[in-house]
Amino acid sequence: MPTEKKEKILVITYYWPPSGGAGVQRWLKLTKYLSKLNFETHVLTVDPEKASYFQRDESLLKDIDPSVSVHHTNSFEPLNIYGSIVGKKKVPTAGFSNIDVQTWKSRLVAKIRSNLFIPDPRIGWKKYAIKRALNIIKQENITHIITTSPPHSVQVIGLELKRKLGESINWIVDFRDPWTDIYYYHLLQNSNYSHKKNMQLEKEVLETADQIITVSEGFKSLFLKKTDSISVDKINVISNAYDSDDFEETKNDQPSDSFLISYIGTVADNYNVEMLFNALSRLITANPNAPIQFKATGIISDNLKQIIIEKLGKEHVTFHAPVPHQFAIRAMREAHILLLLIPPKTGIVPGKTFEYMASGRRIICLGKEDSAHIIETCQAGASFDRNEEDKLVAYLQNSLDDFKQQIPFKNNTAEVVKYAWDYKAKQITTLLKQK
């Protein structure tokens, strides 16, 4: 009996191991499970020796599925040139969490970045990526290409490929974040010209793509407002997820002996999280003998670090630099409460939301948008608006009381499993089979 012929996919992504950070996880995991669903998967990415990653995580290389064919290309990276002059730590990360945006030097760098390199400094990868993509598509007889962003210059690559190849390919655009509506867009110091150019490119991508994916209903609404030329059905919401394989090594890990409240990831000044630390301060004051600890693992602005120490007291606070992904999983497992901090009015559903749920620990979410609905559905914790400090303090106190009485927290496992990557990969295959 002949084996079923595999359909072929080319995924074009800038962030790929050994790049670290949240942006890598989505297609690292989806390609793994698409390959298991009888799709031949190719990935086109930048040569890691040429790339300007915000962080590296060499441990993720082992997570690349052996059946996935990875193709690397050269790139022109102005951020590397800038970093060699001022130091890597002064190159702005996503969200500008490592930069004091009040200084004239930071504003000048943002202005140069946004007006010389449209839509972003990774546009120097474009000519190399297009040339290699055309070769791969021809040699491998590729029928589907998927471009994922940010950086949104990847969508410009997809736009040109679609113009060259037309109906011979099915072009799926994947937006992990908004483009001109991202919460830090105002920090980029765009001129009228560069802003209009970004708006134009965004609209062209939306209208030219065959199908569009994004990670939340909030983001879908933002993109639909950009043009009257696309239907609601053209944009599909496929959220991020977790990989159950990542939790095997830590399945027997127990939480800390202290009442540990943890945040894992990046947080910038514009997240507006002061209310949270007011609430934690009140909890510590009301329970002077309780072993309450706050720990942040990742990139935290220096200004916010100082605020946290002042409010909680140095003896209650630990800061840890970013860690490889598997150690981030362990950091989740050791906590009693995991903090999910959503920048105001953004509709963002951070990828860590789903790993938080898979860890089985209680989640406190600051911001009542898409993430709050998911947490509520999975009975994974509670969400609070920034004007609900008293309610948050009461919830923290109840959680501390459970800790003292050794009452374990349990979420709705039957709902949580719907946010596993193998489940999301099946949703992708449904889209691929529509074309």
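Note that this is a predicted model, so its numbers are computed, not measured. (Residues numbered from 1 in each chain as written. Predicted model: local features only at pLDDT ≥ 70, side-chain atom pairs only at ≥ 80, totals over all residues. Heavy atoms only, no water.)

With that out of the way, let us pick up the sheet that holds strand β9 (residues 292-300). Here 6 strands make up an open sheet; going across it, the order is β10-β9-β8-β11-β12-β13 and the pairing parallel. The open sheet is flanked by β10 (317-320) and β13 (381-384), the only strands paired with a single partner. Geometrically, the sheet is characterised by an average inter-axis angle of 20° between neighbouring strands, direction not taken into account. By the bridge criterion, 4 bridges tie strand β12 (residues 362-366) to β13 in an arrangement that is parallel. Residue pairing in the sheet places Leu366 in a bridge with Phe384 of β13. Each of β11 (337-341), β12 and β13 is contacted by helix α12 (residues 370-377), which is oriented at about 155° to β13, the strand it contacts most. Those strands touched by helix α13 (residues 389-404) are β8 (259-267), β9, β11, β12 and β13, and its axis lies near 170° from that of β12. (Pairing = 2+ DSSP bridges. Helix = DSSP H or I, 4+ residues; strand = E, 2+ residues; numbered from the N terminus. Axes fitted to C-alpha atoms, helices over the stretch in contact; angles between N-to-C directions. Contact = heavy atoms within 4.5 Å.)

What follows covers helix α5 (residues 153-165). Helix length check: α5 (13 residues) gives 19 Å between terminal C-alpha atoms against 18 Å at 1.5 Å per residue, within 8%. Those residues of α5 that sit buried are Ser153, Val154, Gln155, Val156, Ile157, Gly158, Leu159, Leu161 and Lys162. Check the buried side of α5 and you find it contacts β1 (7-12), α4 (126-140), β4 (144-149), β5 (170-175) and α6 (192-208). Phi for Gly166, located one or two positions after α5, is positive at around 60°. (Expected span 1.5 Å × (residues − 1). Buried < 20%, exposed > 50% of the residue type's maximum accessible area, 1.4 Å probe, protein only.)

Right, let's talk about the environment of His152 for a bit. Structurally, His152 can be placed in the loop between β4 and α5. Classification of His152 by relative accessible area gives buried; the value is 9%. C-alpha separation for the pair His152 and Ile118, spaced 34 residues apart in sequence, amounts to 9.2 Å. Setting aside residues no more than four positions away along its own chain, His152 makes contact with Pro119, Asp120, Phe175, Asp177, Pro178 and Trp179. Of note is the side chain of His152, whose polar atom sits 3.0 Å from the backbone oxygen of Pro178. (Polar contact = N/O pair within 3.5 Å; in protein donor to acceptor, adjacent residues only side chain to side chain.)

Attention shifts here to the pattern of salt bridges. If you walk through the whole model with that rule in mind, you get 26 salt bridges. One salt bridge connects Lys226 with Asp181, and the closest N-O pair in it is separated by 2.8 Å. Placement of Lys226 in the loop between α7 (217-224) and β7 (235-237) and of Asp181 in the loop between β5 and α6 is noted, with a sequence separation of 45 residues between them. What emerges from the salt-bridge pattern is a single network uniting Lys29, Lys32, Lys62, Asp63, Asp243, Asp245 and Asp246. (Salt bridge = Lys/Arg side-chain N within 4 Å of Asp/Glu carboxyl O.)

Take the state of the cysteines next. For the structure on display, the rule yields 0 disulfides. Unpaired in terms of disulfides, Cys365 finds its nearest cysteine sulfur in Cys378, a separation of 13 Å. (Disulfide = S-S within 2.5 Å.)

Angle between the axes and distance between the axes are the two parameters that describe a pair of packed helices. Contact pair helix α8 (residues 274-286) / α13: the axes reach a minimum separation of 9 Å and the direction vectors enclose 45°. Of the possible angle classes, the one that applies to α8 and α13 is oblique. Judged by the twist between their axes, the crossing of α8 over α13 is right-handed. Contacts from Met275, Leu276, Asn278, Ala279, Leu280, Arg282, Leu283 and Ala286 in α8 reach Glu389, Asp390, Leu392, Val393, Leu396, Gln397 and Leu400 in α13. Classifying every residue of the contact of α8 with α13 gives 10 nonpolar, 2 polar and 3 charged. (Parallel < 35°, antiparallel > 145°, perpendicular 65-115°, else oblique. Left-handed = near helix turned anticlockwise from the far one by under 90°. Nonpolar A, V, L, I, M, F, W, Y, C, P; charged D, E, K, R; others polar.)

A separate point is the nonpolar core. With 128 residues, the main nonpolar core has Ile261 and Phe294 as its most contacted residues. At 7 residues, the largest contribution of residues to this core is made by α8. Look past the residues within four positions of Ile261 in its chain and what remains in contact with it is Leu280, Leu283, Ile292, Gln293, Phe294, Lys295, Ile337, Leu339 and Leu396. (Core = buried A, V, L, I, M, F, W, Y, C linked by side-chain atoms within 4.5 Å.)

The strands making up a sheet associate through hydrogen bonds between their backbones, and the pairing can be parallel or antiparallel. The 7 strands lie next to each other as β3-β2-β1-β4-β5-β6-β7, forming an open sheet whose pairing is parallel. Each end of this open sheet is capped by a strand with a single partner; those strands are β3 (69-73) and β7. This sheet shows a mean twist of 20° between the axes of neighbouring strands, independent of strand direction. Pairing of strand β2 (residues 39-46) with β3 involves 5 bridges; the strand directions are parallel. Note on β3: the bridge partner recorded for Val46 is Thr73. Contacts from α6 reach β5 and β6 (211-214), with the element oriented near 130° to β5.

Our next topic: helix α15 (residues 421-433). Between its terminal C-alpha atoms α15 stretches 18 Å, which fits the 18 Å expected from 13 residues at 1.5 Å a residue. For α15, the full list of buried residues reads Trp421, Lys424, Ala425, Ile428, Thr429, Leu431 and Leu432. Buried residues in α15, looked at end-on, bunch into an arc of 155°, giving them a common side. (Arc of directions from axis to C-beta.)

Mapped onto the elements of the fold, Gln155 is located in helix α5. The buried category is assigned to Gln155, whose relative accessible area is 0%. If near-sequence neighbours (up to four positions away) are discounted, Gln155 is found in contact with Thr147, Thr148, Ser149, Trp171, Val173, Asp174, Phe175, Trp179 and Val205.

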